[in-house]
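Breakdown of the fold
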Number of protein chains: 4
Amino acid sequence: MPLSPEQRAEIEAQRAQSQPTRRVVAPGMEEHLYTAYPVLDHGFVRVIDYMGDDAAICQAARVSYGKGTKSVQNDEGLIRYLMRHWHSTPFEMCEIKLHVKLPVFVARQWIRHRTANVNEYSARYSILDREFYIPAPEHVAAQSEVNNQGRGATLQGEEAARVLDILKADSARCYDNYEAMISQEGQQGLARELARMNLPANIYTQWYWKVDLHNLFHFLRLRADAHAQYEIRVYAETICDIVADWVPFAYKAFEDYRLGAVNLSAQMVDALRRMLKGEEVTQESSGLSAREWREFEAIIREG
Amino acid sequence: MPLSPEQRAEIEAQRAQSQPTRRVVAPGMEEHLYTAYPVLDHGFVRVIDYMGDDAAICQAARVSYGKGTKSVQNDEGLIRYLMRHWHSTPFEMCEIKLHVKLPVFVARQWIRHRTANVNEYSARYSILDREFYIPAPEHVAAQSEVNNQGRGATLQGEEAARVLDILKADSARCYDNYEAMISQEGQQGLARELARMNLPANIYTQWYWKVDLHNLFHFLRLRADAHAQYEIRVYAETICDIVADWVPFAYKAFEDYRLGAVNLSAQMVDALRRMLKGEEVTQESSGLSAREWREFEAIIREG
Amino acid sequence: MPLSPEQRAEIEAQRAQSQPTRRVVAPGMEEHLYTAYPVLDHGFVRVIDYMGDDAAICQAARVSYGKGTKSVQNDEGLIRYLMRHWHSTPFEMCEIKLHVKLPVFVARQWIRHRTANVNEYSARYSILDREFYIPAPEHVAAQSEVNNQGRGATLQGEEAARVLDILKADSARCYDNYEAMISQEGQQGLARELARMNLPANIYTQWYWKVDLHNLFHFLRLRADAHAQYEIRVYAETICDIVADWVPFAYKAFEDYRLGAVNLSAQMVDALRRMLKGEEVTQESSGLSAREWREFEAIIREG
Amino acid sequence: MPLSPEQRAEIEAQRAQSQPTRRVVAPGMEEHLYTAYPVLDHGFVRVIDYMGDDAAICQAARVSYGKGTKSVQNDEGLIRYLMRHWHSTPFEMCEIKLHVKLPVFVARQWIRHRTANVNEYSARYSILDREFYIPAPEHVAAQSEVNNQGRGATLQGEEAARVLDILKADSARCYDNYEAMISQEGQQGLARELARMNLPANIYTQWYWKVDLHNLFHFLRLRADAHAQYEIRVYAETICDIVADWVPFAYKAFEDYRLGAVNLSAQMVDALRRMLKGEEVTQESSGLSAREWREFEAIIREG
């Protein structure tokens with residue numbers, strides 16, 4: 001279900017507003033403000049507000065009286081230093097507020113990140129819309145055979161068709177019955193706080209979600225990761241693109257020292273040093289388990 | 001679905017264990033340990049572990065070298081003083097770990113309390129059981145006419161029967177289809193992380209939930225309240241009974257200064273003082289809105 | 001020590017900046033931005049940034065597509081309802097960032113509020129300024145005789161003079177010695193991370209402190225209270241004045257339902273109802289302890 | 001100042017107590033309970049209480065009905081997997097409560113770790129003891145020349161002696177004056193909440209500190225690190241020894257994947273792969289800054 005004309009008009013009205021402020025302004029972020037970026041079949045992410053920019057990270061780290069920036073080059077160096085050495089508090093000085101529409105089963109993963117502020121649309125108070133996530137055919141995947149907690153190859157042919165038919169039919173029937181139960185025509189109508197229990201986890205909900213940049217990076221590191229479930233990863237990737245325009249130095253440091261970085265265990269570092277001295281190291285001689293050795297090989301050989 | 005014989009045996013084995021410890025022991029809590037107290041039709045609450053007792057609250061408040069208790073009477077007085085004057089940190093020094101089985105729509109409310117630790121059963125990793133919350137007939141209630149966010153009178157006759165039929169039929173069908181989609185007989189089998197999206201919000205999940213006593217009291221104040229949804233309130237009430245045996249002084253203080261207490265606004269206090277001086281105070285002369293006046297009247301006239 | 005000319009110039013440069021933004025702007029707050037409001041003898045509070053306004057609280061509570069406001073009157077009613085019924089998450093959607101200069105012993109109380117972000121000036125990394133809090137003569141008070149944790153009457157005459165002499169002399173000597181130890185003239189110079197241990201708790205430090213509105217209200221309720229130590233209360237009061245201009249509806253609701261409100265225990269409510277029915281209630285017949293009875297009398301008779 | 005005979009007796013009484021419990025018991029931790037392990041010249045760390053053991057981590061990860069352990073070997077494998085893949089919630093299911101005596105300047109660093117519960121000895125309410133941290137001569141170190149935030153070589157001869165003389169004399173004088181100001185002999189006596197401001201940051205304070213295992217590991221990773229200030233590192237190291245006996249599998253995993261591990265940036269991983277293929281990589285061709293290259297060399301060449 002696309003945005004309604006009223007919703008579009010409200011968003012356009014927000015984008016059209018412009019007022020002077022004494023606060024720091026992040027030009028890259030102003031461009032994104034309020035726009036609903038589509039995610040999955042009915043979801044979106046849109047920025048409602050933000051606080052701070054790259055310079056604000058440095059300003060806080062230096063506890064400055066003024067803007068706190070020295071040169072642009074100094075600022076980038078400082079930000080990279082802070083990220084590399086796990087200084088978290090300066091990044092907490094930036095804040096972002098998002099409006100997100102997402103399936104309930106994705107919301108249930110997302111909410112596990114506790115250091116954030118959330119206002120969710122209340123199905124006790126309001127009636128939910130008839131909107132369900134139905135995966136695109138290329139994302140209807142089999143259970144992974146190697147990872148209990150993941151998916152494997154895309155399902156094909158009749159099996160895939162059957163899955164999609166089931167998801168559509170059950171969503172539709174559950175929603176029809178939800179409407180029938182709460183209807184007040186010719187009957188009292190079931191309480192909404194009860195009726196909602198008939199709705200499956202692919203129904204869409206929405207919330208306002210506010211988080212500081214440090215905790216957002218933590219969320220993105222886990223959820224933009226290749227091991228995250230596809231349906232939450234696409235939200236994380238959309239947010240990554242926005243953050244890259246908001247705080248370009250911080251985002252680049254995040255890419256280099258977190259997203260694209262690897263953690264080597266004490267044993268892996270030891271094996272590595274021996275390899276670099278020319279020694280032949282095997283799993284047996286490394287002290288790593290078979291599983292760790294595979295992970296180690298993937299790190300040092302890939303690419 | 002009652003506990004399986006294997007589950008009962010595991011719980012009995014836990015209850016049978018007894019080892020010496022140098023830690024403080026709360027006799028009232030030892031009695032509850034591990035027992036699964038039934039809540040709703042398939043849910044339960046059981047205590048897995050705890051830390052501290054009433055004396056531990058005083059010991060921390062006094063930063064003691066020893067047990068930190070003076071006399072039992074002194075301890076109760078101190079605990080009541082701390083509660084009355086909003087000292088939160090001594091209550092944070094007690095901790096409880098629960099295993100809870102609960103419907104997903106209740107879990108979604110519960111998880112909003114962020115200052116706690118949670119490990120939930122993973123439907124990405126595992127297959128959920130066929131267990132759905134179906135309200136008892138006396139809890140199938142109409143939408144409230146005065147409160148958008150609540151329920152009114154119990155539904156009767158055909159309407160109630162229809163609701164129960166719908167809930168049962170949709171739960172059963174959705175679960176049948178969930179099973180059919182993940183089945184690996186004659187097909188690849190859909191990934192569990194996808195199949196779960198077909199399950200409605202009355203399916204049961206379970207988690208380990210750990211929280212300190214201060215934050216538990218905050219949870220109980222909101223969720224054991226008459227305005228909380230019945231389906232979460234029964235969990236809160238079960239926990240209240242357990243806590244009353246664990247830390248009797250602290251629980252009594254919580255009842256007196258939180259659960260049974262009322263908050264009067266500045267205007268209400270002013271109206272009250274005038275009333276006690278014998279003045280006739282009306283809504284108009286009180287400065288309260290009509291809604292606040294009703295709330296005020298309910299406080300001072302009830303009982 | 002007043003702000004240096006350089007610091008004044010930096011602040012003026014910040015105040016002079018004005019850029020267009022699509023974000024919501026709180027006019028009352030724009031006026032305060034960056035200005036250093038003096039607190040105590042050398043301290044200050046100044047707003048560095050903010051996010052949101054009264055309307056943003058309603059927008060989040062309604063999970064709106066647009067501005068989320070209906071009428072101004074509706075908004076105020078909603079905000080008062082949310083405050084009265086302990087809804088915390090919509091207030092978390094506003095955020096404020098302050099630069100505060102404050103004595104270390106005040107900072108040690110302040111930091112106990114954990115749900116905030118802090119960057120403190122580092123005395124490991126930098127040299128602290130020679131600035132110490134010396135109370136004004138009217139705040140040099142005796143130990144309270146009724147409250148172990150408070151102060152009583154102002155000290156007079158010689159005793160007061162002696163206290164001020166001691167505080168000044170010890171501060172000066174400790175700082176002289178701090179400087180002497182870290183000096184690199186004619187010696188290596190002690191590490192700053194060690195030298196700082198010679199500085200007394202009335203030395204000033206400074207930090208950037210960022211917090212959401214809900215947690216700020218919690219801080220203000222405890223620290224703008226009459227029982228809070230004077231030296232932190234003046235900071236809280238300064239912040240109260242700023243917040244009143246930033247989110248006037250929310251601040252008024254906070255005054256009515258928190259700052260000026262009272263909490264009556266279950267026993268107090270019972271006593272009250274009996275009194276309003278005309279019954280004579282005494283401490284003995286109330287079930288309240290002597291201490292609680294005094295607190296109760298103060299609530300209902302004052303003013 | 002050693003423990004007083006009364007304090008020793010209280011600790012001995014705690015250690016002598018033994019009661020049966022149904023809870024899990026960690027034998028290695030029972031041995032440590034209540035004992036005050038000396039740190040610095042007057043400080044200590046002692047365990048007051050704990051919840052959980054290695055098996056409790058697995059039990060929560062598996063959301064078990066019973067003990068949740070399979071075989072000891074399985075448990076260790078699961079714990080190592082959880083640590084390696086950044087699963088934090090199962091480690092949060094263990095909790096520890098410590099009584100710590102420490103200098104105020106150390107307490108000010110320590111408290112920056114916000115996800116913990118704290119009750120500190122109140123200098124508003126009580127009189128502090130005359131106990132100050134005076135570094136041992138081998139820890140009186142010069143400011144580092146390469147690291148603004150660290151110390152270099154040990155000071156020698158007269159300079160060292162002068163530092164120690166200053167620290168001792170200023171501590172003694174400040175405390176004498178603190179006592180003189182609060183004395184009620186022949187005068188009213190200054191309020192304790194004011195008098196404390198005359199005390200330097202090397203005075204000892206004490207607190208009860210409670211934290212879950214995940215957040216404790218985070219604290220230990222930062223504070224047991226070679227870059228942490230010596231005076232907090234010795235506390236972290238003492239706690240490491242205790243934790244190793246409490247949850248041996250989890251602690252070993254922490255050593256391997258956190259304490260002894262390294263984080264390689266995306267560029268470092270790339271350089272490494274090229275090196276392992278036999279390519280000659282220099283700082284210039286690596287894309288690393290000079291500073292990062294030094295850090296990289298230290299990682300791969302050391303040992």
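Residues numbered from 1 in each chain as written. Chains lettered and ligands numbered in written order. Predicted model: local features only at pLDDT ≥ 70, side-chain atom pairs only at ≥ 80, totals over all residues. Heavy atoms only, no water.

Another point: unusual backbone geometry. In this structure, valine 63 of chain A takes a positive phi of about 45° despite not being glycine. The topology assignment puts valine 63 of chain A in the loop between α3 (54-61) and α4 (72-84). In this model, leucine 40 of chain B sits at a positive phi of 55°, which is unusual for a non-glycine residue. Its place among the elements puts leucine 40 of chain B in the loop between β2 (37-39) and β3 (43-51). (Helix = DSSP H or I, 4+ residues; strand = E, 2+ residues; numbered from the N terminus.)

Let's shift gears to the interface of chain A and chain D. Interfaces are frequently sized by the accessible area removed from exposure as the parts join. The interface of chain A with chain D comprises 37 residues on the first partner and 37 residues on the second. Both sides of the chain A and chain D interface together cover about 3,300 Å² of buried area, and 47% of this is carbon and sulfur. Linking chain A to chain D there are four salt bridges. A salt bridge links arginine 84 of chain A to glutamate 295 of chain D; the shortest N-O distance between them is 3.1 Å. There are 18 residue pairs in polar contact (both at pLDDT 80 or more) connecting chain A and chain D. Across the side of chain A that touches chain D, the residue classes tally to 14 nonpolar, seven polar and 16 charged. (Contact = heavy atoms within 4.5 Å. Buried area = accessible area lost by both parts, 1.4 Å probe. Salt bridge = Lys/Arg side-chain N within 4 Å of Asp/Glu carboxyl O. Polar contact = N/O pair within 3.5 Å; in protein donor to acceptor, adjacent residues only side chain to side chain. Nonpolar A, V, L, I, M, F, W, Y, C, P; charged D, E, K, R; others polar.)

Right, let's talk about the relation of the copies chain A and chain D for a bit. With an RMSD of 0.0 Å, the fit of chain A onto chain D corresponds to turning through 180° and sliding 0.0 Å along the axis. Taken together, the rotation and translation describe the operation of a two-fold axis. Closest approach to the rotation axis among the C-alpha atoms of chain A is made by asparagine 263 of chain A, whose C-alpha sits 2.2 Å away. A share of 100% of interface residues in chain A that are also interface residues in chain D marks the association as one of identical surfaces. (Least-squares fit on C-alpha atoms with pLDDT ≥ 70 in both.)

Okay, the packing of aromatic side chains next. For the coordinates displayed, the defined rule picks out 56 aromatic pairs over all chains. Judged by centre distance (6.0 Å) and plane angle (40°), the ring pair of phenylalanine 105 of chain A and tyrosine 133 of chain A falls under tilted. You can see phenylalanine 105 of chain A sitting in helix α5 (residues 104-110) and its partner tyrosine 133 of chain A sitting in the loop between β5 (117-120) and β6 (141-143), a full 28 residues away along the chain. For the pair shown, phenylalanine 105 of chain A and tyrosine 133 of chain A are each scored as buried. A centroid spacing of 6.1 Å and a plane angle of 80° characterise the contact between phenylalanine 132 of chain C and tyrosine 175 of chain C, whose relative ring orientation is edge-to-face. Placement of phenylalanine 132 of chain C in the loop between β5 (117-120) and β6 (141-143) and of tyrosine 175 of chain C in helix α6 (residues 157-182) is noted, with a sequence separation of 43 residues between them. The exposure class of phenylalanine 132 of chain C is buried, given its relative accessible area of 8%. Here the aromatic residues Trp110, Trp207, Trp209, Phe219 and Tyr235 of chain A are joined through ring pairs into a cluster of three or more. When the ring centre of tyrosine 50 of chain A is taken as reference, the NZ or CZ atom of arginine 23 of chain C above it lies at 4.1 Å. If you follow lysine 101 of chain C out to its NZ or CZ, it ends over the ring of tyrosine 204 of chain C, 6.0 Å from the centre. (Phe/Tyr/Trp six-rings, centres within 6.5 Å; stacked < 30°, edge-to-face > 60°. Buried < 20%, exposed > 50% of the residue type's maximum accessible area, 1.4 Å probe, protein only. Lys NZ or Arg CZ within 6 Å of the ring centre and 35° of its normal.)

So, about the UniProt feature "binding site: FAD" (unreviewed entry) in chain A. Sites flagged by UniProt as "binding site: FAD" (unreviewed entry) map to Thr89, Arg112, His113, Arg114, Glu120, Asp212, Leu213, His214 and His218 of chain A. Across 130 residues in sequence, these annotated residues place their C-alpha atoms as far as 27.3 Å from one another, rather than forming a single compact spot. One can find arginine 114 of chain A in the loop between α5 and β5. Ignoring anything within four residues of it in the chain, the contact list for arginine 114 of chain A reads Arg114, Ala116 and Asn117 of chain B together with Glu92 of chain D. Along the polypeptide, histidine 214 of chain A turns up in helix α8 (residues 213-223). For histidine 214 of chain A, the contacting residues outside a window of four places in its chain are Ser88, Phe91 and Glu92 of chain A. (UniProt positions renumbered as here; feature names shortened; annotations may be inferred.)

Turning our attention to the pattern of salt bridges. Residues and elements named next belong to chain C. For the structure on display, the rule yields 88 salt bridges over all chains. Of the charged contacts, one joins aspartate 256 and arginine 80 as a salt bridge, the two residues approaching to 2.9 Å between their closest N and O atoms. With aspartate 256 in helix α10 (residues 248-259) and arginine 80 in helix α4 (residues 72-84), this pair connects stretches of sequence that are 176 residues apart. Each member of the pair, aspartate 256 as well as arginine 80, carries the same accessibility label: buried.

Assigned domains of chain A: these are domain 1 (5-133 + 202-259), domain 2 (136-200) and domain 3 (266-301). Look at where the C-alpha atoms of domain 2 of chain A and domain 3 of chain A centre, and you get two points 46 Å apart. (Domains from an automatic or database assignment.)

At the interface, 56 residues of chain C touch 56 residues of chain A. At the boundary of chain C with chain A, total buried surface from both sides reaches about 5,200 Å², with 49% on carbon and sulfur atoms. The three residues of chain C that bury the most area against chain A are Arg22, Arg23 and Tyr65 of chain C, which together make up 22% of that side's buried surface. In this assembly, chain C and chain A are joined by four salt bridges. The shortest N-O distance in the salt bridge between arginine 23 of chain C and glutamate 30 of chain A comes to 3.6 Å. The interface formed by chain C and chain A holds 34 residue pairs in polar contact (both at pLDDT 80 or more) in total.

Attention now goes to the pairing of strand β4 (residues 95-103) of chain C. Residues and elements named next belong to chain C. Most of β4 sits inside the fold, with nine of its nine residues counted as buried. Residues Glu95, Lys97, His99, Lys101 and Pro103 line one face of β4 and the alternating positions Ile96, Leu98, Val100 and Leu102 line the opposite face, and both faces are buried. Inspection of the sheet shows strand β3 (residues 43-51) paired to β4 by seven bridges, in the antiparallel sense. Across the sheet, aspartate 49 pairs through a bridge with lysine 97, a residue of β4. Pairing geometry for β4 and strand β8 (residues 204-212), over nine bridges, is antiparallel. Note that in β8 the partner of leucine 98 across the bridge is tryptophan 209. (Pairing = 2+ DSSP bridges.)

Moving on: the UniProt feature "binding site: dUMP" (unreviewed entry) in chain A. Taking the numbering used here, the UniProt-annotated feature "binding site: dUMP" (unreviewed entry) corresponds to Gln109, Trp110, Ile111, Arg112, Glu120, Tyr121, Ser122, Ala123, Arg124, Arg196 and Arg223 of chain A. Spanning 115 residues, the annotated positions stay apart in the fold, the maximum distance between their C-alpha atoms being 29.0 Å. Here tyrosine 121 of chain A shows up in the loop between β5 and β6. Those residues in contact with tyrosine 121 of chain A that sit more than four places away from it in its chain are Ser126, Ile127, Leu128, Thr205 and Gln206 of chain A together with Val63 of chain C.

With that settled, consider the relation of the copies chain C and chain A. Of the two same-sequence chains, chain C is brought onto chain A (RMSD 0.1 Å, axial shift 0.0 Å) by a rotation of 180°. Taken as a fraction of all interface residues of chain C, those also at the interface in chain A reach 100%, which identifies the copy contact as same-surface.

Turning to the sheet that holds strand β3 (residues 43-51) of chain D, a few remarks are in order. All names here are of chain D. If you trace the five strands from one edge of the open sheet to the other, you get β2-β3-β4-β8-β5, paired in antiparallel fashion. A strand with exactly one partner marks an edge of an open sheet, and here the two such strands are β2 (37-39) and β5 (117-120). Ignoring which end each strand starts from, the neighbouring axes of this sheet average 25° apart. In this structure, β2 lies alongside β3, joined through three bridges in antiparallel fashion. Each residue of the ladder has a partner; that of proline 38, found in β3, is phenylalanine 44. (Axes fitted to C-alpha atoms, helices over the stretch in contact; angles between N-to-C directions.)

Another aspect to go through is the pairing of strand β8 (residues 204-212) of chain A. Residues and elements named next belong to chain A. Burial analysis of β8 places nine of its nine residues in the buried class, which makes it a mostly covered element. Here β5 pairs with β8 via four bridges, running antiparallel. Looking at β8, one finds that asparagine 117 is bridged to lysine 210.

Take the sheet that holds β8 of chain A next. Residue and element names in this part refer to chain A. Strands sit in the order β2-β3-β4-β8-β5 across an open sheet of five strands; the sheet is antiparallel. Here the strands that pair on one side only, and so sit at the sheet edges, are β2 (37-39) and β5. The average angle at which neighbouring strand axes cross in this sheet is 25°, direction not considered. On top of the sheet, α8 reaches β4 (95-103) and β8; it is set at about 130° to β8, its chief contact.

Let us now look at the packing of helix α11 (residues 266-276) of chain A against helix α11 (residues 266-276) of chain D. Where α11 of chain A meets α11 of chain D, the closest approach of the two axes is 10 Å, and the angle between their N-to-C directions is 40°. Between α11 of chain A and α11 of chain D, the crossing angle belongs to the class labelled oblique. The crossing of α11 of chain A and α11 of chain D is left-handed. When α11 of chain A is examined against α11 of chain D, the residues Leu272, Met275 and Leu276 of chain A are found in contact with a partner set consisting of Leu272, Met275 and Leu276 of chain D. (Parallel < 35°, antiparallel > 145°, perpendicular 65-115°, else oblique. Left-handed = near helix turned anticlockwise from the far one by under 90°.)

Glancing now at the packing of helix α13 (residues 290-301) of chain B against helix α11 (residues 266-276) of chain C. One way to put it is that α13 of chain B packs onto α11 of chain C with a least axis distance of 8 Å and a crossing angle of 90°. Between α13 of chain B and α11 of chain C, the interaxial angle falls into the category roughly perpendicular. From α13 of chain B, Ala298, Ile299, Ile300 and Arg301 of chain B reach across to α11 of chain C, where they touch Val269, Leu272, Arg273 and Leu276 of chain C. Partitioned by chemical class, the residues of the contact of α13 of chain B with α11 of chain C number six nonpolar, no polar and two charged.

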